[in-house]
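Coordinate inspection notes
What follows is each chain in one-letter form.
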Amino acid sequence: MAESTPNTATIDCNLLVAKALARAGVTHMFGVVGIPVTSLATRAVTLGIRFIAFHNEQSAGYAASAYGYLTGRPGVLLTVSGPGCVHGLAGLSNAAVNCWPTVMISGSCDQNDVGKGDFQELDQIAAVKPFVKFSVKAKNINEIPNCVFSVLDHAGSGRPGGCYLDIPSDVLHQTLTELEANKLLDDAEKNRYIEPVKSVSNDDIAKAISAIRKAERPLIVFGKGAAIARAENEIKDLVEKTGIPFLPTPMGKGLLPDTHELAATAARSLAIGKCDVAIVVGARLNWLLHFGEPPKWSKDVKFILIDVDEGEIEFRKPYLGLVGDAKKVLKVLNKEIKDDPFCLGRTHPWIEAITNKVKENVSRMEGQLAKEVVPFNFLTPMRIIRDAIIGLGSPAPILVSEGANTMDVGRSVLVQTEPRTRLDAGTWGTMGVGLGYCIAAAVASPDRLVVAVEGDSGFGFSAMEVETLVRYQLPVVVIVFNNGGVYGGDRRNPEDITGPYKDDPAPTSFVPGAAYHLLIEAFGGKGYLVGTPDELKSALTESFSARKPAVINVTIDPYAGAESGRMQHKN
Ligand code: ADP
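Numbering of residues begins from 1 in every chain and follows the order in which that chain's sequence is written. Under the rules for a predicted model, residues below a pLDDT of 70 receive no local features and side-chain atom pairs below 80 are neither given nor counted, while totals for whole chains, interfaces and linings still include all residues. Only hydrogens and water are set aside; all other atoms, that is, all heavy atoms of the structure, feed into the side-chain values.

Notes on the overall build of the chain
A count of helices and strands for the chain gives 22 helices and 19 strands. Both definitions apply: the radius of gyration is a C-alpha atom measure, and the globule rule equals 2.2 Å times residues to the power 0.38. A globule of 571 residues ought to have a C-alpha radius of gyration of about 25 Å, and the chain, at 25 Å, matches this closely. For the chain, the C-alpha atoms occupy an extent of roughly 75 × 65 × 50 Å along the three principal directions. Accessible surface, the chain: about 23,500 Å² in total, of which carbon and sulfur atoms supply 55%. Across the chain, the 58 positively charged side chains and the 64 negatively charged ones have centroids separated by 6 Å. In this description a helix means any DSSP run of H or I spanning at least four residues, a strand means any run of E spanning at least two, and both kinds are numbered starting from the N terminus. Per-residue accessibility takes into account occlusion by the displayed protein chains alone, with areas from the Shrake-Rupley method and a 1.4 Å probe. For the purpose of charge, His is not counted, nor are the chain termini; Lys and Arg are scored as positive and Asp and Glu as negative. Charge placement uses NZ in Lys and CZ in Arg. For Asp and Glu, CG and CD serve respectively.

Below, the structure written as structure tokens:
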């Protein structure tokens, strides 16, 4: 950057990108630097943007996507060209499938060398295509401000998702004067894009209220879309005004506390199997909700879907679709119900049925959890972790969970009491998200502790990022359920173990007794190896109060749990 008078001083494209990001309100970026984007990252830091540098773009991309979900503002991922962009696709795809606002910015090869086999050459616009709502290549420095605002605006408005900005290395080396830069930034800021969303009609609100009033067994279901809309107060209002039981999806958990008296989570099969009207807020009727079809749901159930995406409603063809932001739609619905109030009350047969089933299932589960099983199964350590987390009170930690059995058991046992405090494998069932999510959660919500409960397989995808935890001194405790492999021990039939490689470890096996706790110690973090309830309790107490990076390596019986967790039918 040469200096003369402020307006005629020249600035380079790296600084212009950083200025545009800062102007658009970006405060954090995640990524891996290298040719040609190193200077872009350092310029961003100069302008007050925190750049969290990872070891692998895959984890950085997962972090950017989770940051987008937790804050409601696009998470930004920066990658180098070619292979860096390809690694970043993991994060971009995760953002696309989860509907999380995320922008990937990649450097790319010099435009004059395209087609000649340049360093890290790739048609990156073509590569990102399946995973983006919008993508653009900045062909000249003058296009940068508009491109930066456009990708951020497309990612964050309407149905959130992934967007991509490609900046060739020759463009990154171009310069202009500060005067020109400011004018371009001002012009771009005036033309910001907001995806239009239809407003919901009075007739549709009236139709929804009439269906809810007539329902004998209504149910409210809410998911990630309600979380990103920050609709927790409106959901609480609707639930408490009407007395309708509710069921959160895995990441909807916490929008209302799991301990709420109308929580139907512990009576899930009854609630979805018998409800006659389901108000589904910000959740797709996909595999996580059994496609809204029999045999899990009744064939006559009337779905009222509230979703910001009109296409989703057209695709599912529910009884009624209310297109719009969940918070806004629920506000209107609540207001109309207020003028015509009704509440099912505790003695309503449907509420009694749900409440009784919840009591029965909870008491059965508590019986299992009360047992002290050593060597550990999944339940005993999960109960100890649950109690330690509850003991922390508010602000509740953000819980990150992945793995097969570890995630399944954790979902039923761990208690969520505050909104957006659960991150897991999500709609795409992505394994390997754990460390990236932890880092995103820690920087997005610095007042909260972050606790990851993950299988050794999930942890292994991105275990090197424990160095990133230590480098930034993030308050993250990673608890690894170590059963020595994907699903644990070797479950093959002896007659299937044949052929020249029969003496190799099973495809599901890792080194038994792997010392994962020592990995973090290599970088100066704290590691614990635990195998008994007392050892686990003491490691949790110490690491939770230290609020420093730690890994607790929990030895689990390799034959506890099941292959594929609860998804055996898909394997
Ligand atoms: P879950 O996994 O919790 O079931 P999904 O990811 O399947 O949730 O669904 C989230 C839905 O929420 C998507 O269909 C998306 O279009 C929708 N959505 C996203 N943002 C909003 C919003 N602000 N208001 C309403 N719906 C939203």
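Looking at the pairing of strand β2 (residues 28–31)
Partly exposed describes any residue whose relative accessible area lies between the buried limit of under 20% and the exposed limit of over 50%, with all areas from a 1.4 Å probe on protein chains only and scaled to the type maximum. What you see with β2 is no split at all: His28 and Phe30 on one side and Met29 and Gly31 on the other are buried throughout. Across 4 bridges, the pairing between β2 and strand β3 (residues 50–53) is parallel. The partner of Phe30 across the bridge, within β3, is Ile52. Bridge analysis of β2 against strand β4 (residues 75–79) gives 3 bridges, and the strand direction is parallel. Here the rule is simple: two strands pair whenever DSSP picks up at least two bridges between them.

Description of the pattern of salt bridges
Between Lys or Arg on one side and Asp or Glu on the other, a salt bridge is scored when a side-chain nitrogen of the former is within 4 Å of a carboxyl oxygen of the latter. Taken as a whole, this structure holds 33 salt bridges when the rule is applied. The salt bridge partner of Glu234 is Lys327, with a shortest N-O separation of 3.3 Å. Of this pair, Glu234 sits in helix α11 (residues 232–242) while Lys327 sits in helix α14 (residues 326–338), placing them 93 residues apart in sequence. Arg346 serves as the salt-bridge partner of Glu261, at 2.8 Å between the closest nitrogen and oxygen. Of this pair, Glu261 sits in the loop between β10 (246–248) and α12 (268–274) while Arg346 sits in the loop between α14 and α15 (349–370), and the two are 85 residues apart along the sequence. Both residues of the pair, Glu261 and Arg346, count as exposed.

Some thoughts on the pairing of strand β6 (residues 134–137)
Looking along a regular strand, one sees side chains alternate from face to face of the sheet. Two strands pair when backbone bridges link them, and β6 and strand β7 (residues 162–168) are joined in this way by 4 bridges, in the parallel orientation. Across the sheet, Lys137 pairs through a bridge with Asp166, a residue of β7. By definition, the crossover connecting two strands over a helix is right-handed if that path, from the first strand to the second, turns clockwise as seen with the strands pointing away from the viewer. Regarding topology, helix α6 (residues 144–156) serves as the crossover connection from β6 to the parallel β7, and that connection is right-handed.

Regarding the sheet that holds β2
If you trace the 6 strands from one edge of the open sheet to the other, you get β3-β2-β4-β5-β7-β6, paired in parallel fashion. Across the chains shown, the open sheet's two edge strands, defined by having one partner strand only, are β3 and β6. Taken over all neighbouring pairs, the strand axes of this sheet differ in orientation by 20° on average, direction set aside. In this analysis, two residues are considered to be in contact whenever any of their non-hydrogen atoms come within 4.5 Å of each other. Note on geometry: axes are lines fitted to C-alpha atoms, helical ones only across the stretch in contact, with angles between N-to-C directions running from 0 to 180 degrees. Against the sheet, helix α3 (residues 57–71) contacts β2, β4 and β5 (102–108), and its axis sits at roughly 165° relative to β4. The strands touched by α6 are β4, β5, β6 and β7; relative to β7, the strand with the most contacts, the crossing angle is about 165°.

Quick word on the UniProt feature "domain: Thiamine pyrophosphate enzyme TPP-binding" (unreviewed entry) in the chain
Annotation from UniProt places "domain: Thiamine pyrophosphate enzyme TPP-binding" (unreviewed entry) at residues 406–554. The distance separating the terminal C-alpha atoms of residues 406–554 is 12 Å; by composition the span is 34% helix and 17% strand. UniProt positions are given in the numbering used here, feature names are shortened, and annotations may be inferred rather than shown by experiment.

Looking at the environment of Leu330
Checked against the element boundaries, Leu330 lands in helix α14. Assessed through its relative accessible area of 0%, Leu330 is described here as buried. The spacing of Leu330 and Asp237 is 93 residues in sequence and 8.9 Å in space, taken between C-alpha atoms. Ignoring anything within four residues of it in the chain, the contact list for Leu330 reads Ala231, Glu234, Ile235, Leu238, Val281 and Ile306.

Details of the site of the ligand
Working definition: residue near molecule or strand if any one of its non-hydrogen atoms lies within 4 Å of it. With respect to spatial proximity, 22 residues lie near the ligand, and among them Lys224, Thr249, Arg284, Asp307 and Asp325 are the closest. For the ligand, an oxygen atom lies 2.7 Å from a polar atom in the side chain of Arg284. Any pair of nitrogen or oxygen atoms within 3.5 Å is treated as a polar contact; in protein, a donor-acceptor pairing is required on top of that, and neighbouring residues in sequence qualify only through side-chain atoms on both sides. Asp307 places a polar side-chain atom, nitrogen or oxygen, 2.5 Å from an oxygen atom of the ligand. Contact with the protein chains hides 97% of the accessible area of the ligand, taken as 590 Å² for the molecule alone. Per-element accounting of the shell around the ligand gives the leading share, 3 residues, to helix α10 (residues 224–228). Gly is placed with the polar residues, together with every amino acid not listed as nonpolar (Ala, Val, Leu, Ile, Met, Phe, Trp, Tyr, Cys and Pro) or charged (Asp, Glu, Lys and Arg). By residue class, the composition of the shell around the ligand is 7 nonpolar, 8 polar and 7 charged. Domain delimitation in this document rests on an assignment produced automatically or drawn from a domain database. When residues are assigned to domains, the shell around the ligand turns out to be shared by domain 1 (10–191) and domain 2 (202–356), each giving three or more.

Thoughts on the domain arrangement of the chain
Looking at the assigned domains, one finds that the chain contains domain 1 (10–191), domain 2 (202–356) and domain 3 (371–570). For domain 1 and domain 3, the distance between their C-alpha centres works out to 32 Å. Facing the 24 residues of domain 1 at the interface are 24 residues of domain 3. The term buried area denotes the loss of accessible surface (1.4 Å probe radius) that occurs when two parts are joined, taken as the sum for both partners. Overall, the association of domain 1 and domain 3 removes approximately 2,100 Å² of surface from exposure, summing both partners, and the carbon and sulfur fraction of that is 66%. When the buried area of domain 1 at its contact with domain 3 is split by residue, His55, Tyr62 and Leu70 rank highest and sum to 28% of it. Linking domain 1 to domain 3 there are 0 salt bridges. At the surface where domain 1 touches domain 3, the tally comes to 9 residue pairs in polar contact (both at pLDDT 80 or more). Of all the secondary structure elements, the ones that give two or more residues to the side of domain 1 that touches domain 3 are β2, β3, α3 and α4 (83–98). Per-element accounting of the side of domain 1 that touches domain 3 gives the leading share, 9 residues, to α3. Tallied by class, residues from the side of domain 1 that touches domain 3 come to 14 nonpolar, 9 polar and 1 charged.

Focus: the sheet that holds strand β14 (residues 398–402)
Read from one edge of the open sheet, 6 strands run β15-β14-β16-β17-β19-β18, paired in parallel fashion. On the outer flanks of this sheet lie β15 (422–423) and β18 (526–530), each paired with one strand and no other. Judged from the 2 bridges that link them, β14 and β15 form a sheet pairing that is parallel. Paired with Leu399 across the bridge in β15 is Arg422. The sheet strands contacting helix α17 (residues 405–413) are β14, β15, β16 (450–455) and β17 (476–482), and the helix crosses β14 at an angle near 140°. Most of the contacts of helix α22 (residues 533–546) go to β18, to which it runs at about 165°, and overall it touches β16, β17, β18 and β19 (550–555).

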